[in-house]
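Observations on the three-dimensional arrangement
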Amino acid sequence: MMKSSLNAGALAVAGGVLLFGLATRSPAASAATAIRSSVVKIHVTFQSDDYSLPWQSGQPMIATGSGFVIEKRRILTNAHVVSNARFLQVQKDGDPRRYEAKVTFAGHDCDLATLTVDDPDFFKGTSPVTFAKELPKLDDEVTVLGYPMGGDRLSLTRGVVSRVDYSVYSHSAVDQHLVLQVDAAINPGNSGGPIVFNGKVVGLAFQGLMWAENIGYGIPIPVIRHFLDDIQDNVYDGYPELGAYTMDTRNPALRKDLRLPEDKTGIVVYYVDPFGSAMGSITNGDVLLSVDGYPIANDGNIDLGGNIVVFAELLERKQCGESVSFKVWRQGAETTVVVPLRTPRDPFIYRNQYDTHPEYYVLGGLVFSPLTREYLRTLDRRTTTMNTQQLSYYMDYAKVDGLYQGRDEFVVLIRRLPHAVNTYADTFVNGIVTEVNGTRIKTLADVKAAAANPVRGFHVVNFAGMDESLVVDAEAVKKADRSILRDYGIPSREYFEEGATP
Amino acid sequence: MKRLRPGFVLTLLLITLPATAAENTDASLLQVIVTYQETDPFLPWQKLQPGMRTGYGVVVGPSRVLTTEGLVRNQKLVELRKPMTGEKIPASVVIADCTVNLALLQVKNLPEPSGLLALPVAVKLDRKTKVDILQFDEISQIQHGDARMVQVSMGALPKAPYQSLSFDLLTDLNVNGEGAAVVKEGALVGLIMSQDPVGRIAAMIPYPVIQHFMRDAGAAPYDGFASAGFLWSVLVDPAKRAYLKVDTPARGILILSCIPGTGASEVLKPNDVILEWDGHPVDNMGYYEDEDFGRLAFSYLIKGRREPGDVVPVKIVRDQAESVVQLKLCHQDDRDALIPENVLGEATEYLVDGGFMITELTGRYLRAHGTEWEHVMDPRIVHMYLAGKHATAAPGEHVVILAGILPDPINIGYQQRFRDEVITAVNGQSVSNMTDVFRVVDRDGSVRRLTLKSVGVDLVLDQDTLTKANARLARQYRVPALRYQLKEGQNAPSANGDSGADNTGGPKKE
């Protein structure tokens, strides 16, 4: 009884908002409301893995988000709405039925995902939204549709475009793309809903800013286009990474040192990522003068048809397999460098992990697992040790300081499940494994392989930055292994992702 | 510290102390009032707010007063006050050693008759007897408190990352300042250095350390305390003992690494197992049986029983074979480490050129970034400090850093980006300490280019405008000296020792 009366109240508010929208007869508003039949509510049950006990997951949680119907019977939403989903349903406004849905593609670097619904009834009465051709301008009035907290029915808020900027997408924690900042209210539950201008979708609401008011962020149309183009071949490759770190050349002494003539502007490369596309074609000290014909200013910006944007934005529009052309000032002469943009395969970038389970391998109660951002997050900041700090260092400086060399991932002894065979192993917990039984460790699978060959009856494990070795009796480990797994409730002594099992 | 309840102490006093002994010892205690001021760790040309602390000192000779190093650290003015008087008598620090937390003061103009009595330092103490703690009460009368010894250990000092012989006393007295005297039968047994009022435990610098310190301080030059120069670990794990084939039961510690340039580096190797040190069997936790104090960490055999320069026999197992090696002890200075602690907060060498603030990395600089320093600082330099602060590749090597850039037109384009970066070369010449930096700058006249670790482009300064820029920077940012360089041999005037590792698991240092 209580519940239904609450629902009635929420309905009244939602209805009021919509009526108000119609009454103003603003062209933007009426066009936006025409889209509303395509805006769906997403009900998700998700569960995140516990990276400190990698064989199990946390509590299942329920959340809702928004999405909208696009062509080819798909629903577009945020990747963060459907990440780690165990059960997924979608619901249209005014329709009591919930339809089971599944994720077809998720781009965690750009926080976008597509869903599909098998039941053909679902798409009846919906029509795919129309995307705008270009970004809206500052001060354009936009409408945000979705299912935010505070009610059940579709909600609509309105504001103006405050800023188009380049910013970090918090879902992956490392990627930067264009963002559309609006002053319309964007609240939890709005995620995945369309941002509409003149009846066309110009963006997708995705994140807010803590401690700030009237700042909501949307993923703008170029990023959405990039994602939809990328998955046309049924594979999501992600954004190519140039991997050239640059600093500006505003300092006259630096310009002189680079022998850069007065009339040339650009930015100087000071580090090339070994996994980036630029590796092999661009080197330290190269001055990037222009990108695909657009001159680069001394502060790294380019003029893109009247918009001053950072040069990286031009790369945003490229797909893996395409290339980008730079005019480069190298050793006192100008040259053209064409950089083929490769599909990124960088195990040391440390994006947040989704829709995957942590790999692990247990040997005598010693739990080994690859270093991940998720694992680092489980550690207590108040009890920093040399070992836990070293994990942060290896994560941040893996490439810059060459720590990655000879490795495909960093394998960490993440915990000791106390047992008589491993009593003296505590000082090694959170150490980065370099060698097991004399074998250099490149991946977690190497630990498993090396465990088959104890040295004189002992497993000997060496760690980065530690002079001491961890030694356990191989025969005792063999005897204890089964009971350790049983006592600590570990269903399997290992988990390797598909294709990684040795 | 809180004031004690007077009635309670008086009762104790009546029971335990003969009046004559009390009068003698009362004439030896002085209050020490210290005004101190530290160097600003971020802007090394200026100082932090001055502060004041009070504690105690004990008259140990003509015009000589013994107190704790922690009390007089960064002192700008030291004054002494007798009981029940208001006059302050100026004093100066003769020698202070932070590795044992002791300092010797010289009283400048002692009015005669002083009424002060020098207290002899005890040479022996029965562990079971009660001792007397002396301090001032609120109206500056001498107050006595009863105490009993409960533990002898090589404990961590309260204000420095070193281990030293320490006696723990159980007392009901609320000690109100460090340096409070502990006496027994008219002799000085020790100085209180810290107190845990909840557990009623006070830590005391005991007479053997005081004897050692005063003997050393009496014969110039001051040599300091000995160390051996290696990192070690306990060797309890039966699996590891079996793997290393150490069959002596319950004996031996494992050598992890030796510090270059020390006696240990000449005769010890990683994976050696030490069975006996200087004639004493060492157990697998690193303890031995001391003839005076019982079970004690073997580091006391180095720091307490020996002097720098002594050669000691060490029985080891290497590759299953036992042998005895002769190890020469040395005095390790804090400055010998790759990253010195600089717990004393001494002025560090620096150079400001074109706004580049160039200095050496120290533990003090890292910790000055607040309680979360391990997280807020660049992880590379934090890792260098936590994982390898002793790991010099060559003697005198330090970590030269670009601590920051004072913004000025000359360094435009570099300003926000570079902070706490490791400098590998100046003007194309590789540098491994500030001495190298000064040498290059003296040769070339200025900093022309800086090479930073893992940054593939040098930071270049315009030489034509540099002189003007430096004058402008000095004026705008109020930098009285753009360069601070210690003179040859000026280092460590106050016996700044090197650091041992912490008490927790993992490697320990001797």
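Residue numbers restart at each chain and count upward from 1, following the sequence in its written direction. For naming, the first written chain is A and the first written ligand is 1, with later ones following in the order written. Two thresholds apply to this predicted model, a pLDDT of at least 70 for residue-level local features and 80 or more for giving and counting side-chain atom pairs, whereas whole-chain, interface and lining totals are computed over all residues.

1. Focus: the overall build of chain A
Only DSSP runs of H or I with at least four residues qualify as helices, and only runs of E with at least two residues qualify as strands; both kinds are numbered from the N terminus onward. Summing up its helical and strand segments, chain A has 10 helices and 28 strands in all. The C-alpha extent of chain A, read off along each of the three principal axes, is 85 × 75 × 40 Å. By residue count, 43% of the 502 residues in chain A fall in the buried class. Two residues qualify as a contact pair if the distance between their C-beta atoms, derived from the backbone, is within 7 Å. Sequence separation of 24 or more characterises 63% of the internal contacts of chain A that already satisfy a separation of 6 or more. Counting other C-beta atoms within 10 Å of a residue's own tells you its class, since 20 or more makes it buried, 12 or fewer makes it exposed, and anything in between is partly exposed; those C-beta atoms are placed from the backbone.

2. Quick look at the overall build of chain B
Each helix and strand counted, chain B has 12 helices and 29 strands in total. Here the globule rule reads 2.2 Å times residues to the power 0.38, and the radius of gyration is calculated from C-alpha atoms. A compact globule built from 510 residues should have a C-alpha radius of gyration of about 24 Å, and chain B, at 26 Å, falls within 12% of that. Oriented by its inertia axes, the alpha-carbon framework of chain B measures out at about 80 × 65 × 40 Å.

3. Notes on the domain arrangement of chain A
Residue and element names in this part refer to chain A. Where each domain starts and ends comes from a domain assignment, either automatic or drawn from a database. Segmenting chain A into domains produces domain 1 (2–233), domain 2 (244–340) and domain 3 (360–495). Placing a centre on the C-alpha atoms of domain 1 and another on those of domain 3 gives a separation of 41 Å. The interface of domain 1 with domain 3 comprises five residues on the first partner and 13 residues on the second.

4. Looking at the interface of chain A and chain B
In this complex, chain A contributes 36 residues to the contact, which on the side of chain B involves 32 residues. Counting only elements with at least two residues in the side of chain A that touches chain B, the list comes to strand 13 (244–248), helix 5 (252–257), strand 14 (267–272), helix 8 (386–397), strand 26 (458–463) and strand 27 (470–473) of chain A. In terms of residue count, the dominant contributor to the side of chain A that touches chain B is helix 8 of chain A (seven residues). Nonpolar residues are Ala, Val, Leu, Ile, Met, Phe, Trp, Tyr, Cys and Pro. Charged residues are Asp, Glu, Lys and Arg, and all others, Gly as well, are polar. Its residues assigned to classes, the side of chain A that touches chain B shows 16 nonpolar, 10 polar and 10 charged.

5. Examining the confidence of the model for chain A
All names here are of chain A. Each residue carries a pLDDT score, the predictor's confidence in it, ranging from 0 to 100. The share of residues in chain A with pLDDT of 70 or more is 92%, and the mean pLDDT across the chain is 88. Looking across chain A, the model is least confident in helix 1 (residues 2–24), with a mean pLDDT of 29, and most confident in strand 24 (residues 433–436), with 98. In this model residues 1–29 is a low-confidence stretch, pLDDT under 50, and it forms 26 contacts with partners more than four residues away in sequence or in other chains.

6. Quick word on the packing of helix 8 of chain A against helix 10 (residues 379–388) of chain B
Each pair of packed helices can be summarised by the angle the axes make with each other and by the distance between the axes. With their axes 9 Å apart at the nearest point, helix 8 of chain A and helix 10 of chain B run at an angle of 145 degrees to one another. Here helix 8 of chain A and helix 10 of chain B pass one another in a crossing that is left-handed. Listed contacts from helix 10 of chain B to Met 386, Gln 389, Gln 390, Ser 392, Tyr 393, Asp 396 and Tyr 397 of chain A of helix 8 of chain A are Pro 379, Arg 380, Val 382, His 383, Leu 386 and Ala 387 of chain B. Considered class by class, the residues forming the contact of helix 8 of chain A with helix 10 of chain B number seven nonpolar, four polar and two charged. With axes taken as lines fitted to C-alpha atoms, and helix axes fitted only over the stretch in contact, angles between N-to-C directions fall between 0 and 180 degrees. Helix crossings fall into two classes, left-handed where the near helix is turned counterclockwise from the far one by less than a right angle and right-handed where it is turned clockwise.

7. Regarding the pairing of strand 23 (residues 400–405) of chain B
All names here are of chain B. Burial within strand 23 is extensive, with five of its six residues counted as buried. Any two strands with at least two DSSP bridges between them are considered paired. Inspection of the sheet shows strand 22 (residues 356–360) paired to strand 23 by five bridges, in the antiparallel sense. From the neighbouring strand, Met 357 faces strand 23, where its bridge partner is Gly 404. As paired elements, strand 23 and strand 24 (residues 421–426) share two bridges and run antiparallel to each other. Within strand 24, the position partnered with Leu 402 by the bridge is Glu 421.

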